[in-house]
Amino acid sequence: MEECACLCGMGSSRGCRCPQKHQRPAETAAADGKPAQAEKHVEGDAAARCCAGSGGIASPMPPPLPPHCSLQDLPVEMLVEIFAWVPATDLPSLAQSCTKFHHTLHIDSIWRRRCQEEFGVRENLQNLEMIGMSYREVYTKLFPYRNILGLWQLDNSYRTLVNVVVDGLCITGWKYRPSFHTHVGGPIHFKPVFRICLTERKSATVECMEGPHNRPHNRQVRIQKDWFTTHCNQTYHRKDLAASLRDEWVRVLIGEDRQRYDLLTYRRLYLPPSHPDDLIRPGLFQYYLDDFGLKIAMLSFHGKYARVTDITGYSKKTLEIHLMRRIQLRDGEIFRYFNELSRVVQEIEEQVIREQQEDGTEESQGHGWQSPAQPSVGESRAAAWEEQPVPFVLPVGVHSRDQNYPRTCRMCFYGVDTLAIIGSSYLKSFPGVFILFDENHFGFIWRVEKCFFLYSRVQNTFQNVEAPSPQAFLEMLKNIQSMP
Ligand SMILES: [Zn+2]
């Protein structure tokens, strides 16, 4: 390496004479904190060497200029510590810069750290030794599949979720299995549908795990940035389909899906960006729309509006909450007289329609999701939690599938639920009341139909689900909405 990766700790303004500085990859990594510590050691080391020259006794001569020092002078252990913090995509150029770095980058603990940081690998070295594999090899095997990790939505008329994670030395796709018997507060269940095994010496194999007997067989996977496809030509799946048809949740599965079942396309899902001022933490919630089982919806905040967007199932229900149109609870009394609550909602509804007619812009029509993803305005989280909870009881005459709802609530807002059925022209709006119970629960009452839906936070955690930008998240949300 010709240039000095300046680690002398002086900086140009304080007399460093290193010809080039602040541009090397290892220095970029100093932002992580750890190499900064290494830098400090070098500084101490350099100071010690300076003093050694003068025998440690104060000299009347002006202090000598600090010696020229370089990253190459560092002991290997320290280099390992530094390199382990460098993104692996930068390591090849580091390896090319000099023989010492090249050899250092063969030390496997660097690659163990990269596997942990970038892919969440939690295997320990002993297991790897048993199969005679290094972390460097594991990294190399995982790298081509890095874009498949995360949460995906099956792109057919029954939209299900697949969560793809690194699982030991495999990458496993776990498919969401809705259940009739789960309470909305319970965890959501997944079953493995494919597995990419990385333990083989040769190239990785993709195993399909669908079918009635779960006999693993070959499957092809094609991965792009925002979608991937899996293809399997086994006929097991049709039998599996017949078996699952007995599960009522797919009994309306249409013929088109039957033909396309073996070639599946998945679209990437991001979880909503979060802001401390949001009314509650955005994320995934589950609820019962009807007797066809649990559905999953995504809560996100968009300034004056919050949205709850269905991400599974044949029906697309989108709830839009008007955060600027709060309904006063009067110590919970309002729930005791549904006619009174209904009248308040109707008044707001009429006002919204008037405003839309006066000002025909899209924003006033409540399409809050078209504005950039931003924290909620109007009522903040702080305001919500300062409110004393008031007693909540489902108003007489309002139907609910779930009677196990919280008995206190904090805030109510006007909202509009819109229901569409995929593959049909059905589209209907249901104005009503959004009820905020607590951090993990909210509900909605359709005013005219007198139906109540309880939403409960999905407690599962997901990795690789952060949107690269608020715009990317919005783009994804629009795509979910625009599915035919
Ligand atoms: Zn298969």
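Small disclaimer: the values here were computed from a predicted structure and weren't measured.

What counts, and where the lines are drawn
Along each chain, residues carry numbers from 1 onward, in the same order as the chain's sequence is written. Confidence filtering applies because this is a predicted model: local features only for residues at pLDDT of at least 70, side-chain atom pairs given and counted only at 80 or more, and all residues used for totals across whole chains, interfaces and linings. Helical segments are the DSSP runs of H or I of at least four residues, strand segments are the runs of E of at least two, and each set is numbered from the N terminus. Neighbour counting defines burial: a residue surrounded by 20 or more other C-beta atoms within 10 Å of its own C-beta is buried, one with 12 or fewer is exposed, and intermediate counts give partly exposed, using backbone-placed C-beta atoms. Contact definition: two residues whose C-beta atoms, as placed from backbone geometry, lie within 7 Å. Each axis is a line fitted through C-alpha atoms, taken for helices only over the stretch in contact, and angles between the N-to-C directions span 0 to 180 degrees. Handedness of a crossing is defined here by the sense of rotation of the near helix relative to the far one, left-handed for an anticlockwise turn of less than a right angle and right-handed for a clockwise turn. Gly falls in the polar group here, along with every residue not listed as nonpolar (Ala, Val, Leu, Ile, Met, Phe, Trp, Tyr, Cys, Pro) or charged (Asp, Glu, Lys, Arg). Summary of the metric used: pLDDT quantifies the predictor's per-residue confidence within the range 0 to 100. Throughout, the arc means the angular range of directions from the helix axis out to the C-beta atoms. Here, a nonpolar core means buried Ala, Val, Leu, Ile, Met, Phe, Trp, Tyr and Cys residues linked by C-beta atoms lying within 7 Å of one another. Whether two strands pair comes down to DSSP finding at least two bridges between them.

Another point: the overall build of the protein chain. Counting its secondary structure elements, the protein chain contains 13 helices and 20 strands. Of all 484 residues assigned to the protein chain, the portion counted as buried reaches 31%. A separation of at least 24 residues holds for 60% of the contacts in the protein chain among residues at least 6 apart in sequence.

Moving on to the environment of Cys451. Considering the arrangement of structural elements, one finds Cys451 in strand 20 (residues 451–457). Look at Cys451 and you get partly exposed, because 18 C-beta atoms sit within 10 Å. The sequence separation of Cys451 and Gly397 amounts to 54 residues, and the corresponding C-alpha distance is 8.9 Å. Contacts of Cys451, omitting those with residues within four sequence positions, involve His399 and Trp446.

Another point: the packing of helix 6 (residues 108–119) against helix 8 (residues 135–142). Packing of helix 6 against helix 8 leaves a shortest axis separation of 8 Å and a crossing angle of 35°. The way helix 6 lies across helix 8 gives a crossing that is left-handed. In this structure, helix 6 uses Asp108, Trp111, Arg112, Arg114, Cys115 and Phe119 to contact helix 8, whose residues at the interface are Tyr135, Arg136, Val138, Tyr139 and Leu142. Looking at the contact of helix 6 with helix 8 residue by residue, the classes come out as seven nonpolar, no polar and four charged.

Quick look at the confidence of the model for the protein chain now. Averaged over every residue, the pLDDT of the protein chain is 77; the share at 70 or more is 71%. Below pLDDT 50 for its whole length, residues 362–370 participates in 20 contacts with residues either more than four positions away or in separate chains.

Considered for burial, the residues of helix 3 (residues 76–83) that qualify are Leu79, Ile82 and Phe83. What you see down the axis of helix 3 is that its buried residues fit within an arc of 90°, all on one side.

This next bit is on unusual backbone geometry. The phi dihedral of Arg330 is positive, around 45°, even though this residue is not glycine. Looking at the secondary structure, you find Arg330 in the loop between strand 13 (315–327) and helix 11 (338–358). Phi at Asn464 is positive, roughly 55°, even though this residue is not glycine.

Next up on the list: helix 8. Of the positions making up helix 8, those classed as buried are Tyr135, Val138, Tyr139, Lys141 and Leu142. What you see down the axis of helix 8 is that its buried residues fit within an arc of 165°, all on one side.

Further remarks concern the nonpolar core. Ranked by internal contacts, the top residues of the largest apolar core, which has 93 residues, are Phe83, Val138 and Ile435. Looking at which element gives the most residues to this core, the answer is strand 11 (residues 293–302), with six residues.

With that settled, the discussion passes to the environment of Arg146. The topology assignment puts Arg146 in the loop between helix 8 and strand 1 (150–154). With 27 residues separating them along the chain, Arg146 and Phe119 place their C-alpha atoms 7.5 Å apart.

So, on to the pairing of strand 3 (residues 170–177). Where strand 2 (residues 161–167) meets strand 3, six bridges bridge the pair, whose relative direction is antiparallel. Paired with Val164 across the two strands is Gly173, which belongs to strand 3. Between strand 2 and strand 3, which follow one another and run antiparallel, lie two residues, and Gly168 among them has a positive phi close to 65°. As defined by bridge partners, strand 3 adjoins strand 4 (residues 189–197) across eight bridges and the pair is classed as antiparallel. The partner of Ile171 across the bridge, within strand 4, is Ile196.

Moving on, we get to the pairing of strand 7 (residues 220–223). Consecutive side chains along a regular strand alternate between the two faces of the sheet. Pairing geometry for strand 7 and strand 8 (residues 227–231), over four bridges, is antiparallel. Looking at the pairing, Arg222 lines up with Thr229 of strand 8. The hairpin formed by strand 7 and strand 8 contains three residues between the paired strands.

Attention now goes to the sheet that holds strand 9 (residues 263–269). A sheet is described by the order of its strands in space; here nine strands give the open sequence 6-5-4-3-2-1-9-8-7, paired in antiparallel fashion. Since the sheet does not close on itself, it has two edges, and those belong to strand 6 (217–218) and strand 7, each with one partner.

Attention now moves to the environment of Cys197. Within the secondary structure, Cys197 is located in strand 4. The class of Cys197 is partly exposed, set by 16 C-beta atoms lying within 10 Å.

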